[in-house]
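Fold and contact review
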There are 2 protein chains.
Amino acid sequence: MPQIQPIHLDEQLCFQVYSANKKFNHFYQQALKPFDLTYPQYIAMLTLWQYAPLSVKQLGEYLHLDSGTLTPLLKRLESHGWISRSRSRSDERTVVIQLTDKAKEQQNVVYGHINSCFDILGLTPDEKETCMQAMTTLEQKLDLYNDPQV
Amino acid sequence: MPQIQPIHLDEQLCFQVYSANKKFNHFYQQALKPFDLTYPQYIAMLTLWQYAPLSVKQLGEYLHLDSGTLTPLLKRLESHGWISRSRSRSDERTVVIQLTDKAKEQQNVVYGHINSCFDILGLTPDEKETCMQAMTTLEQKLDLYNDPQV
DNA sequence: GTCAATTTAATTGCAGACAATTATTTTGAC
DNA sequence: GTCAAAATAATTGTCTGCAATTAAATTGAC
């Protein structure tokens, strides 16, 4: 009879990542309150500030999200005046997402506020780099397993 | 006029953690398919295998989840025959969660299967430890900010 | 002993996340 | 040019996750 290794919650890497993600979420939710943005909406805006205009598909590739998640999220961003959505003239299948004037005006205000919130966290550049590296290593292994053909 | 630091998605620690968490989720979702458990259900079962019987509140403290999340999740675990839920005789407010015979029988099967899946990931003990440490450091900072009174 | 305050789950409502399906448009082999 | 295949969003359904509220039981100050 083989020896079975018990699985203890607090020794599980998956649970640490799961917890850290929830805490990060809460942190950003607080930081983003002045702008009435949720965390997923914020990372969508980050992508758009960097690359807009984008199609739903292109945005989804940056964020690893599909239209089932993005369509309602983008409708909410649109209703709050951050973006516009319109079918492309050249390809009626694709929806082009563009920044509104409000979004362009607020970009640096959001950047400034979020950067200062992140600074308050007090992560040293070294600690941040170590965390980034650890996540990169982990994601590489997970990508290999989740998506063997890559 | 102050210099505003641009925020690039791929340099954001929050986004790395968010992505890693989603990939981990997908990884476990696959690994757990034979048992018809979702990842959140699995971490609930892990906790129960370790500490059952538990009240909803106690389980929530281990997992950092409230009854709004746990009540429906536990009802699903109950309907799939993993647990039982019953009001405590001594305190009618609390609901006691207990393992079923099926859960006790399957414990080592699940442990064995998940451990072998995790091994396939190919994380070295060093890499895992580095990741764990990184998450712990990060969570400590986030706890400080999210919950200043602690 | 009484009753306000506290504790515990459940409920409600909203926002993701994702799998599976559907509708529409475009492409490309022929 | 036609039509099957592919591509793109949207939709549907299920399962979290969390804030806020509700319902019921318990506790404790008096």
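Rules behind the numbers
- Residues numbered from 1 in each chain as written.
- Chains lettered and ligands numbered in written order.
- Predicted model: local features only at pLDDT ≥ 70, side-chain atom pairs only at ≥ 80, totals over all residues.
- Heavy atoms only, no water.
- UniProt positions renumbered as here; feature names shortened; annotations may be inferred.
- Helix = DSSP H or I, 4+ residues; strand = E, 2+ residues; numbered from the N terminus.
- Near = heavy atom within 4 Å.
- Polar contact = N/O pair within 3.5 Å; in protein donor to acceptor, adjacent residues only side chain to side chain.
- Nonpolar A, V, L, I, M, F, W, Y, C, P; charged D, E, K, R; others polar.
- 1 Å grid on protein atoms, 1.4 Å probe; cavity = no way out; pocket = protein on both sides within 12 Å on 5 of 7 lines; lining within 4 Å.
- Points joined across faces, edges and corners; volume = space filled by probe spheres on them.
- Contact = heavy atoms within 4.5 Å.
- Buried area = accessible area lost by both parts, 1.4 Å probe.
- Salt bridge = Lys/Arg side-chain N within 4 Å of Asp/Glu carboxyl O.
- Pairing = 2+ DSSP bridges.
- Axes fitted to C-alpha atoms, helices over the stretch in contact; angles between N-to-C directions.

**Re the UniProt feature "domain: HTH marR-type" (unreviewed entry) in chain A**
- In the UniProt entry, the feature "domain: HTH marR-type" (unreviewed entry) is given for residues 10-140 of chain A.
- Annotated as 69% helix and 9% strand, the span residues 10-140 of chain A places its first and last C-alpha atoms 23 Å apart.

**Let's talk about the protein's contact with DNA strand C**
- Around DNA strand C lies a shell of 29 residues, among which Arg76 of chain A together with Lys57, Ser67, Thr71 and Lys75 of chain B are the nearest.
- If you look at DNA strand C and keep only atoms within 4 Å of the protein, 80% of those are sugar or phosphate atoms.
- One of the side-chain nitrogen or oxygen atoms of glutamine 41 of chain A is found 2.9 Å away from a phosphate oxygen of DNA strand C.
- Among the elements of the structure, helix 2 (39-51) and helix 4 (67-79) of chain A together with helix 1 (13-32), helix 3 (56-63), helix 4 (67-79) and strand 2 (83-87) of chain B are those that each provide at least two residues to the surface near DNA strand C.
- Of the residues in the surface near DNA strand C, the class split is 6 nonpolar, 12 polar and 11 charged.

**Topic: the layout of surface pockets**
All names here are of chain A.
- In this structure, the largest pocket spans a volume of roughly 290 Å³.
- Of all the secondary-structure elements, those providing two or more residues to the lining of the largest pocket are helix 5 (101-121) and helix 6 (125-146).
- For the lining of the largest pocket, the element with the most residues is helix 5, which contributes 3 residues.
- The residue inventory of the lining of the largest pocket, partitioned by class, reads 6 nonpolar, 5 polar and 3 charged.

**Some points on the interface of chain A and chain B**
- Listed per partner, the contact involves 59 residues of chain A and 59 residues of chain B.
- Interface area for chain A against chain B, summed over the two sides, is near 6,300 Å², with a carbon-plus-sulfur share of 68%.
- It is Ile7, Lys23 and Tyr145 of chain A that lose the most area in chain A upon contact with chain B, and together they represent 11% of the buried surface on that side.
- The tally of links between chain A and chain B comes to 6 salt bridges.
- On inspection of chain A and its partner chain B, the count reaches 18 residue pairs in polar contact (both at pLDDT 80 or more).
- Mapped onto the side of chain A that touches chain B, the elements with two or more residues apiece are helix 1 (13-32), helix 2, helix 3 (56-63), helix 5 and helix 6 of chain A.
- Its residues assigned to classes, the side of chain A that touches chain B comprises 33 nonpolar, 17 polar and 9 charged.

**Details of the sheet that holds strand 1 (residues 54-55) of chain A**
Residues and elements named next belong to chain A.
- Strand order in this open sheet of 3 strands is 1-3-2, and the pairing throughout is antiparallel. Each end of this open sheet is capped by a strand with a single partner; those strands are strand 1 and strand 2 (83-87).
- With 2 bridges joining them, strand 1 and strand 3 (residues 95-99) adopt antiparallel strand pairing. The residue bridging leucine 54 from the neighbouring strand is isoleucine 97, located in strand 3.
- Sheet contacts for helix 4: strand 2 and strand 3; angle to strand 2, the most-contacted strand, approximately 125 degrees.

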